[in-house]
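Architecture and fold: a report
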Amino acid sequence: MIEILNRDELARARDAGALVGGILQSLKRRTKAGVNLLDLDRWTKQMIEDAGAQSCYVDYAPSFGRGPFGHYVCTAVNDAVLHGMPHDYVLVDGDLLTLDLAVTLRGMSADAAISFVVGDDAASADRAMIDATERALSAAIAAARPGARIGDLSHAIGTVLGDAGYPINLEFGGHGIGSTMHQDPHVANDGRPGRGYRLRPGLLLALEPWVMADTDRLVIDDDGWTLRSATGCRTAHTEHTIAITDTGAEVLTLPR
């Protein structure tokens with residue numbers, strides 16, 4: 001299903017996006033050595049409920065997971081990159097953490113992710129990898145305009161990540177979003193320009209460049225959800241929900 005939002009739906013999507021962006025920044029400010037991943041999940045639950053919103057994750061049970069996710073935020077540490085299930089782990093300085101969050105507010109959903117290093121001393125390789133995903137996301141947003149095609153966005157992401165020297169996995173990527181979290185079209189993190197669905201005003205997309213330092217192969221944890229690099233290397237993941245407008249793209253998941 002591909003949804004094209006009307007003016008009222010887009011206004012509600014903006015509110016959902018601002019909530020997601022605000023919660024992620026609040027979690028980042030509170031994240032330091034000694035914080036348990038379960039604390040992050042508990043804080044997220046409280047902020048979602050305080051806003052009158054609903055989690056897109058807690059009851060989520062797609063074919064690629066093992067039963068309902070059961071938590072409110074994805075917490076991927078170091079070699080984990082996607083769908084990181086919160087568990088009893090205490091963060092230490094130098095951990096590379098990705099927080100991925102999706103909520104529904106007044107019937108519209110938004111999805112975003114941030115990666116950062118716990119503490120003040122981030123390794124240069126970690127900084128470079130996070131920066132590459134952020135630059136790839138910016139390139140895709142710049143390419144998003146009416147009449148462009150999904151392949152243009154995929155190509156923009158893949159060019160930045162490939163030029164930075166990272167292998168690119170095509171199993172998981174961006175997606176349409178709207179009244180539900182995961183919709184068509186799929187937005188791979190590499191592709192050929194001029195191919196795929198043509199973008200229209202009112203389309204919402206969650207764009208999410210992610211990489212693993214030295215591999216494109218994933219392995220899955222015993223929890224049935226957490227995806228890790230096959231080699232144990234570090235990972236990074238950055239995501240925004242955008243709306244296609246008459247003139248380009250509007251980023252919805254920035255905090256107000």
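None of these values were measured; they are calculated from a predicted model.

**Remarks on the sheet that holds strand β8 (residues 204-207)**
If you trace the five strands from one edge of the open sheet to the other, you get β7-β6-β8-β13-β14, paired in antiparallel fashion. Across the chains shown, the open sheet's two edge strands, defined by having one partner strand only, are β7 (183-187) and β14 (249-251). When the angles between neighbouring strand axes are averaged without regard to direction, this sheet yields 25 degrees. As paired elements, strand β6 (residues 174-176) and β8 share two bridges and run antiparallel to each other. Within the sheet, the bridge partner assigned to His-175 lies in β8 and is Ala-206. Strands β8, β13 (240-244) and β14 of the sheet are contacted by helix α3 (residues 124-143), whose axis makes an angle of about 160 degrees with β8.

**With respect to unusual backbone geometry**
A cis geometry characterises the amide bond from Asp-184 onward to Pro-185, with omega recorded as 0 degrees. Of note in this structure, Arg-106 is not a glycine but carries a positive phi near 50 degrees. In this fold, Arg-106 is placed in the loop between β4 (96-105) and β5 (108-117). On the basis of relative accessibility, which here comes to 49%, the residue Arg-106 falls in the partly exposed class.

**A few points about the packing of α3 against helix α4 (residues 150-163)**
Interaxial distance between α3 and α4 falls to 8 Å at its minimum, and their mutual angle equals 155 degrees. One element, α3, and the other, α4, form an angle in the roughly antiparallel class. In this structure, α3 crosses over α4, and the sense of that crossing is right-handed. Of the residues in α4, those touching α3 at Ala-132, Thr-133, Arg-135, Ala-136, Ala-139, Ala-140 and Ala-143 are Asp-152, Leu-153, Ala-156, Ile-157, Val-160 and Leu-161. Taken together, the residues of the contact of α3 with α4 break down into ten nonpolar, one polar and two charged.

**Focus on the pattern of salt bridges**
Counted according to the given criterion, the structure contains ten salt bridges. Of the charged contacts in the structure, one is a salt bridge between Arg-135 and Asp-131, with a shortest N-O distance of 2.8 Å. Of this pair, Arg-135 and Asp-131 both sit in helix α3, four residues apart, roughly one helical turn. For Arg-135, a relative accessible area of 41% puts it in the partly exposed group.

**Things to note about the layout of surface pockets**
Roughly 340 Å³ of internal volume is contained in the largest pocket. Contributing to the lining of the largest pocket are 24 residues, with Phe-64, His-83, His-175, His-182 and Glu-208 lying nearest its centre. Listing elements by their share of the lining of the largest pocket, those giving two or more residues are β6 and β7. Top element by residues in the lining of the largest pocket is β7. It accounts for four residues. A breakdown of the residues in the lining of the largest pocket according to their chemical character gives eleven nonpolar, seven polar and six charged.

Here is what the cut-offs are and how they apply
- Numbering of residues begins from 1 in every chain and follows the order in which that chain's sequence is written.
- Residues qualify for local features only when their pLDDT is at least 70, as the model is predicted, and side-chain atom pairs are given and counted only at 80 or more; totals for whole chains, interfaces and linings, by contrast, use all residues.
- For side-chain calculations, the full set of non-hydrogen atoms in the structure is used, while hydrogens and water are omitted.
- Paired strands, as defined in this entry, are two strands with at least two bridges between them according to DSSP.
- Secondary structure elements follow DSSP: runs of H or I no shorter than four residues count as helices, runs of E no shorter than two count as strands, and numbering proceeds from the N terminus.
- Between the N-to-C directions of two axes lies an angle of 0 to 180 degrees, each axis being a line fitted to C-alpha atoms and, for a helix, fitted only over the stretch in contact.
- Here, two residues are considered to be in contact whenever any of their heavy atoms come within 4.5 Å of each other.
- Only protein chains enter the accessibility calculation, which uses a 1.4 Å probe. A residue is then buried if its area is under 20% of the maximum for its type, exposed if over 50%, and partly exposed in between.
- Small angles under 35 degrees read as roughly parallel and large ones over 145 as roughly antiparallel, with 65 to 115 read as roughly perpendicular and the rest as oblique.
- Two helices cross in a left-handed way if the nearer one is turned anticlockwise from the farther one by less than a right angle. They cross in a right-handed way if the turn is clockwise.
- When residues are grouped by polarity, Ala, Val, Leu, Ile, Met, Phe, Trp, Tyr, Cys and Pro land in nonpolar, Asp, Glu, Lys and Arg in charged, and all others, Gly among them, in polar.
- Between Lys or Arg on one side and Asp or Glu on the other, a salt bridge is scored when a side-chain nitrogen of the former is within 4 Å of a carboxyl oxygen of the latter.
- Computed over the protein atoms alone on a 1 Å grid, cavities are sets of points where a 1.4 Å probe fits but cannot get out and pockets are open sets with protein on both sides within 12 Å along at least five of seven lines; a residue lines them when it has an atom within 4 Å of a point.
- Grid points are joined across faces, edges and corners, and a volume is the space filled by probe spheres set on the points.

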